[in-house]
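Working through the structure, step by step
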Amino acid sequence: MNPILKYIKDILRKKRVVGNDQQLTGLVKADMLLQELVDMKKVPGISVTVMRNGEKLLQKGYGYANIENGIPMDPGETICRIASISKNIAAIALAHMVKDGMISLDASFYKYVPYFPKKQWDFTIRQLASHTAGIRGYRGLEYGLNKPYSIQESIAIFKDDDLLFEPGTDYLYTSFDWVLISLAMQEASGIPFEEYTREKVLRPLDMTKTLAPSRKREGEEETLHLEDRNPGTSRSNTVFQTRATYYTKNRFGFRKAIPVNNHYKLAGGGFLSTSGDIAKFGQAVLDEKALDKEHLDEFLTSETVKQNKTYYGLGWQVSEDKHGRPYYGHVGNGVGGYSNLFVYPREQMVFAALINCTNPGIQDELNMVQDRLLKIEG
């Protein structure tokens, strides 16, 4: 590109993000790094919403929600797969159930699901939530199943396998842990996991664009459980206008991802949302509006195994970045979706990013963007 034209484009991009306030150079640099991810064809599209001190610092879409039709990514409207950020949402729902005395973190899983095959050791809800129960991870094609399982039906995938270690003695991250938690929550409450989470988390936090996929195989006519928000607009049209197309990346570019059905693992990686809603959720957790501090602290404290931190609480990654800044949140990766939710309590910043592509290998770049934004004086 002609360097003068590029300079003009960069200036216009700066003005579009920060207006005339040239003091926000960190914001401009972050914006340029994000745009470069699209320009260099590292991602098809990326939706970003950043909150600082309770106010929107940056909300913008880059690239395309649908490449073929040139539909741009919209951070307030484009619905993407949020992958393992789903665990954060499920964890807050679980915490409400604990608070209400409906389930105990230190009770045996078998108290709630007695029909699960007995293993060589017992294990608890807490051990499942912290990935220390010994349940195995995905094998082969299990990562991309396209079967219309209910949560209860889906345990057939792994229910007959032995635990990999004695619960509490090791750490192994697996979304199957949260499949079992969501099943226990259903059995304890008598309410479908999806419905309980909607009533206890999504509606109270006004997360109207966060939803679950249906149980139908993807590729069939699909109904997304999106609450009506546009009177006079049919639900099917609303879904068509807002849902991203999911891609995978190869050396030739982007191609549509294989069809998958994530309904059964809703708690571990199935929710769909916008970056705007995910940032709203992160802000509510930060402000202790999603849950009271007493119960929240238990979920946001790293578990330990053999006196060593796992840097994982109960459904939340709990760690520090390379500059020693504490954060909690989650990185998510699934078929056709990659996601970040980072909450920095000391800096009062929430960073939410959703990408409509299977792991694009850009976490280092996203960390750089966060670093630029964190260095802006609050």
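Residues numbered from 1 in each chain as written. Predicted model: local features only at pLDDT ≥ 70, side-chain atom pairs only at ≥ 80, totals over all residues. Heavy atoms only, no water.

Regarding the overall build of the protein chain
Counting secondary structure elements, the protein chain contains twelve helices and 13 strands. When contacts within the protein chain are restricted to residue pairs at least 6 apart in sequence, long-range pairs at least 24 apart make up 66% of them. Only carbon and sulfur atoms are counted for the fraction: they give 49% of the accessible area of the protein chain, which is about 16,900 Å². (Helix = DSSP H or I, 4+ residues; strand = E, 2+ residues; numbered from the N terminus. Contact = heavy atoms within 4.5 Å. Areas by Shrake-Rupley, 256 points an atom, 1.4 Å probe, with all protein chains shown as cover.)

Things to note about the pattern of salt bridges
Taken as a whole and assessed by the stated rule, the structure comprises 20 salt bridges. For K209, the salt bridge goes to E77, with nearest N and O atoms at 3.9 Å. Here K209 is found in the loop between α7 (193-202) and α8 (235-242), whereas its partner E77 is found in the loop between β3 (71-72) and β4 (80-81), with 132 residues between them in sequence. For K209, a relative accessible area of 15% gives the class buried. (Salt bridge = Lys/Arg side-chain N within 4 Å of Asp/Glu carboxyl O. Buried < 20%, exposed > 50% of the residue type's maximum accessible area, 1.4 Å probe, protein only.)

Details of the packing of helix α3 (residues 85-99) against α7
Packing of α3 against α7 leaves a shortest axis separation of 9 Å and a crossing angle of 85°. Comparing the axis directions of α3 and α7 gives the class roughly perpendicular. Residues I89, A90, I92, A93, H96 and M97 of α3 form the contact with α7, whose participating residues are F193, Y196, T197, K200, V201 and L202. A class-by-class count of the residues in the contact of α3 with α7 yields nine nonpolar, two polar and one charged. (Axes fitted to C-alpha atoms, helices over the stretch in contact; angles between N-to-C directions. Parallel < 35°, antiparallel > 145°, perpendicular 65-115°, else oblique. Nonpolar A, V, L, I, M, F, W, Y, C, P; charged D, E, K, R; others polar.)

Section: the pairing of strand β2 (residues 55-66)
The pairing of strand β1 (residues 45-52) with β2 spans eight bridges and is antiparallel. Looking across to β2, one finds that S47 is bridged to G61. Turn length for the β1-β2 hairpin, with the two strands adjacent in sequence and antiparallel, is two residues, and the turn residue N53 shows positive phi of about 55°. Hairpin remark: β2 followed by β3, antiparallel, with four residues in the connecting loop; positive phi at G70, about 65°. (Pairing = 2+ DSSP bridges.)

What about the side chain of S108?
By the element assignment, S108 lies in the loop between α3 and α4 (125-129). Among the residues examined, S108 registers a relative accessible area of 19% and is labelled buried. A distance of 3.0 Å separates the side chain of S108 from the backbone nitrogen of Y110, its partner in a polar contact. Setting aside its immediate chain neighbours within four residues, S108 contacts D122, F123 and T124. (Polar contact = N/O pair within 3.5 Å; in protein donor to acceptor, adjacent residues only side chain to side chain.)

Some points on α3
Relative to the 21 Å expected for 15 residues at 1.5 Å per residue, α3 spans 22 Å between its end C-alpha atoms, a close match to the ideal helical length. Trailing α3 by a residue or two, G101 shows a phi angle of about 75°, which is positive. (Expected span 1.5 Å × (residues − 1).)

Here's the deal with the side chain of N261
The residue N261 is located in the loop between β6 (253-256) and α9 (266-270) in this model. N261 sits in the buried class, given a relative accessible area of 2%. In terms of polar contacts, N261 uses its side chain to reach the backbone amide nitrogen of H263, at 3.0 Å.

Overview of the sheet that holds β2
The sheet built from seven strands is open, its strands ordered β3-β2-β1-β13-β12-β11-β10 with antiparallel pairing. If you trace the sheet from one side to the other, it starts and ends with β3 and β10 (317-320), each paired once. Here helix α2 (residues 25-39) sits on the sheet in contact with β1 and β2, set at roughly 15° to β2.

Comments concerning the nonpolar core
Ranked by size, the top nonpolar core spans 83 residues in total, and within it L94, F123, F281 and W316 carry the most contacts. At ten residues, α3 tops the list of elements feeding residues into this core. The residues touching F123, leaving out its near neighbours within four places in the chain, are A107, S108, F109, Y110, F116, L128, A133, I135, L163, P167 and L180. (Core = buried A, V, L, I, M, F, W, Y, C linked by side-chain atoms within 4.5 Å.)

Here's the deal with the packing of aromatic side chains
The final tally for this structure, using the stated rule, is 18 aromatic pairs. Through successive ring pairs, a cluster of aromatic residues spans F109, Y110, F116, F123, Y138, Y143, F158 and F176. Over the aromatic face of Y143 sits the side chain of K265, whose NZ or CZ is 5.7 Å from the ring centroid. (Phe/Tyr/Trp six-rings, centres within 6.5 Å; stacked < 30°, edge-to-face > 60°. Lys NZ or Arg CZ within 6 Å of the ring centre and 35° of its normal.)

Structural notes on the confidence of the model for the protein chain
Of all residues in the protein chain, 87% attain a pLDDT of 70 or more, and the chain-wide mean is 90. Residue range residues 17-23 is modelled with pLDDT below 50. Its contacts to residues more than four positions away, or to other chains, number eight contacts. Counting contacts from residues 220-241, a segment whose pLDDT is below 50, to residues more than four positions away or on other chains yields 34 contacts. (pLDDT = per-residue confidence, 0-100.)

Here we look at α7
Of all the residues in α7, the buried ones are F193, E194, Y196, T197, V201 and L202. Viewed along the axis of α7, the buried residues span an arc of 160°, placing them on a single side of the element. (Arc of directions from axis to C-beta.)

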